[in-house]
Amino acid sequence: MKIGSLTLANPLIAASGCFGYGTEYGEIIDLSSLGGIAVKGLFLTEREGHPPPRIVETPAGMLNAIGLQGIGVHRFIAEKMPELRDRGAVVIVNICGTTIQEYVELARILSDVEGVAALELNISCPNIKEGGITFGCSVHGTAGVVRAVRAVTRLPIFPKLTPNVTDISSIARAAEEAGADAVSLVNTFLAMAIDVETRRPRLSNIVGGLSGPAIRPIAVRMVYECRQAIRIPIIGMGGITSASDVLEFIIAGAAAVQVGTANFVDPLIWPKLLDGLRDYLRRHNLNTAAELCGTIDTSAREKEWISS
Ligand SMILES: Cc1cc2nc3c(=O)[nH]c(=O)nc-3n(C[C@H](O)[C@H](O)[C@H](O)COP(=O)(O)O)c2cc1C
């Protein structure tokens, strides 16, 4: 399974923010058995994030407004990378900035670190006031970050797109034209929940990002739309909880997928997803998941539409 110049053992990647720095799971999961691990979003410096409550359960999903709490890139390199290297993890570092210069600086620093396989550019976090999503909500902002990072690194770069836009395929196109190797989509949907007894928002940040099965059909539609618009690989995500969900994303056009919220429910989900995927490939006489990418057959539906 290839994503640009990056080779993955399988199409399953742990989604950023839902798998810590990977090391937390090292004792219970063989980290090298995953296609990759997108680590929690990192800024140049440490951040505390928002005060609690910052997670709320919702129907078929969850709302979060963590606010990108993190240990910062330097501590990550010193404290986490040695173990990730030892365990043979394919490490995709999710980087965040409030300015383009910060993304550039992070990319420069990480380019020299042994064992960093790729950079995921988080231009889509809905939970911070500056930077992040403000870049990802416009064609211009997306292209600006991607072009600047492209100029300073040879690592594969995957801008992570926000679904909180009218036309995600135009943003994906801008990312491709600016030099991205792939695009990751989607980040969470801006959402809120209110406690009607107190009339207070359930999250300290008032609004947060919705993830989990509730968003999956929208995310699949966005992968499908982007597949028509760009040639670079798509890493699809949003609400995956089963092998059948993984397949839906791949058939819609994703080359690989990420799994986030489901990992909180079942941290041992990975071998189950892989077994389900292998079983499907066997039943359909396919050698690799790559053969399935974008194979959605819309012809019958189109004929029905024309004749009605
Ligand atoms: C608690 C939490 C923290 C997250 N933190 C990050 C992050 O640091 N960087 C990022 O790009 N996405 C982050 N995300 C978004 C996920 O990586 C993923 O895009 C989203 O949750 C949709 O996938 P899912 O429905 O499988 O969780 C976070 C999501 C959750 C639920």
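Since the structure is predicted, the reported quantities are computational estimates derived from the model, not experimental observations.

(A) Inspection of the side chain of D245 at higher detail. Secondary-structure assignment places D245 in helix α7 (residues 243-252). Here D245 falls in the buried class, since its relative accessible area comes to 6%.

(B) Structural context of the nonpolar core. Within the largest apolar cluster, 85 residues are counted, with the highest numbers of intra-cluster contacts made by F19, V39, F76, V93, L119, L185 and W270. Counting residues per element, this core draws most heavily on helix α9 (residues 269-283), which supplies 7 residues.

(C) Inspection of the site of the ligand at higher detail. Neighbouring the ligand are 24 residues, the closest being S16, K160, G212, G239 and T261. In this structure, an oxygen atom belonging to the ligand sits 3.1 Å away from a main-chain N or O atom of G41. Residue T261 places a side-chain N or O atom 2.6 Å away from an oxygen atom belonging to the ligand. Protein contact buries 97% of the 610 Å² of open area that the ligand shows by itself.

(D) Examining the side chain of T188 more closely. Of note, T188 is situated in the loop between β10 (183-185) and β11 (189-191). Looking at T188, the relative accessible area reads 10%, which means it is buried. A distance of 3.4 Å separates a polar atom in the side chain of T188 from a polar atom in the side chain of N187. Setting aside its immediate chain neighbours within four residues, T188 contacts N64, P126, P163, N164, G209, L210 and S211.

(E) The arrangement of the sheet that holds strand β6 (residues 61-64) in detail. Taken in spatial order, the 4 strands line up as β5-β6-β14-β11 in an open sheet, and their pairing is antiparallel. Strand pairing shows two members of the sheet lacking a second neighbour, β5 (55-58) and β11, which therefore form its edges. Across the sheet, the axes of successive neighbouring strands diverge by a mean angle of 35°, strand direction being ignored. Taken together, the 3 bridges between β6 and strand β14 (residues 208-211) define a ladder with antiparallel strand orientation. If you follow M62 over to β14, its bridge partner there is S211.

(F) Up close: helix α5 (residues 168-177). A large share of α5 lies buried, amounting to 7 of its 10 residues. Those residues of α5 that sit buried are I168, S169, S170, I171, A172, A174 and A175. G179 sits one or two residues past α5 and shows a positive phi near 110°.

(G) A look at the packing of aromatic side chains. Counted according to the given criterion, the structure contains 4 aromatic pairs. Note on F19 and Y25: the rings are 4.2 Å apart at their centroids and 5° apart in plane angle, and the pair reads as stacked. The exposure classification of F19 matches that of Y25, with both residues buried. Ring pairing ties together the aromatic residues F19, Y25 and W270, which thus form one cluster. The positively charged end of R47 is found above the aromatic ring belonging to F43, 4.2 Å away from the centroid.

(H) Seen up close, helix α1 (residues 72-86). In a regular helix each residue adds 1.5 Å, so 15 residues correspond to 21 Å; α1 covers 21 Å between its end C-alpha atoms and thus fits that length. The largest bend along α1 measures about 45° and falls at K80, with the proline P82 one to four residues further on. Inspection of α1 places G72, V73, F76, I77, K80, M81 and L84 among the buried residues, and these make up the whole buried set. Contacts made by the buried residues of α1 are with β7 (91-95), α2 (100-111) and β8 (116-122). A positive phi of about 75° marks G88, the residue just after α1.

(I) How the structure looks around the pairing of β8. Along β8, 7 of the 7 residues are buried, which leaves the element largely enclosed by surrounding structure. Relative to β8, β7 is paired through 5 bridges, and the arrangement is parallel. Looking across to β8, one finds that I95 is bridged to L121. The handedness of the β7 to β8 crossover, carried by α2, is right-handed. With 4 bridges joining them, β8 and strand β9 (residues 157-160) adopt parallel strand pairing. From the neighbouring strand, L121 faces β9, where its bridge partner is P159.

(J) Highlighting the pattern of salt bridges. Considering all chains together, one arrives at 11 salt bridges under this definition. Where E83 meets R87, a salt bridge forms, and the shortest distance between an N and an O atom there is 2.8 Å. Judged by relative accessible area, E83 falls into the partly exposed class, the value being 28%. D181 is the partner of R150 in a salt bridge, and the nearest nitrogen-oxygen pair spans 2.7 Å. With R150 in helix α4 (residues 139-150) and D181 in the loop between α5 and β10, this pair connects stretches of sequence that are 31 residues apart. Classification of R150 as partly exposed rests on a relative accessible area of 23%. A cluster of three or more residues bridged by salt bridges with shared partners is formed by E27, E83 and R87.

Parameters at a glance
Residues numbered from 1 in each chain as written. Predicted model: local features only at pLDDT ≥ 70, side-chain atom pairs only at ≥ 80, totals over all residues. Heavy atoms only, no water. Helix = DSSP H or I, 4+ residues; strand = E, 2+ residues; numbered from the N terminus. Buried < 20%, exposed > 50% of the residue type's maximum accessible area, 1.4 Å probe, protein only. Core = buried A, V, L, I, M, F, W, Y, C linked by side-chain atoms within 4.5 Å. Near = heavy atom within 4 Å. Polar contact = N/O pair within 3.5 Å; in protein donor to acceptor, adjacent residues only side chain to side chain. Areas by Shrake-Rupley, 256 points an atom, 1.4 Å probe, with all protein chains shown as cover. Contact = heavy atoms within 4.5 Å. Pairing = 2+ DSSP bridges. Axes fitted to C-alpha atoms, helices over the stretch in contact; angles between N-to-C directions. Phe/Tyr/Trp six-rings, centres within 6.5 Å; stacked < 30°, edge-to-face > 60°. Lys NZ or Arg CZ within 6 Å of the ring centre and 35° of its normal. Expected span 1.5 Å × (residues − 1). Bend = angle between axes of the 7 residues up to and from the residue. Right-handed = clockwise from strand over helix to strand, strands pointing away. Salt bridge = Lys/Arg side-chain N within 4 Å of Asp/Glu carboxyl O.

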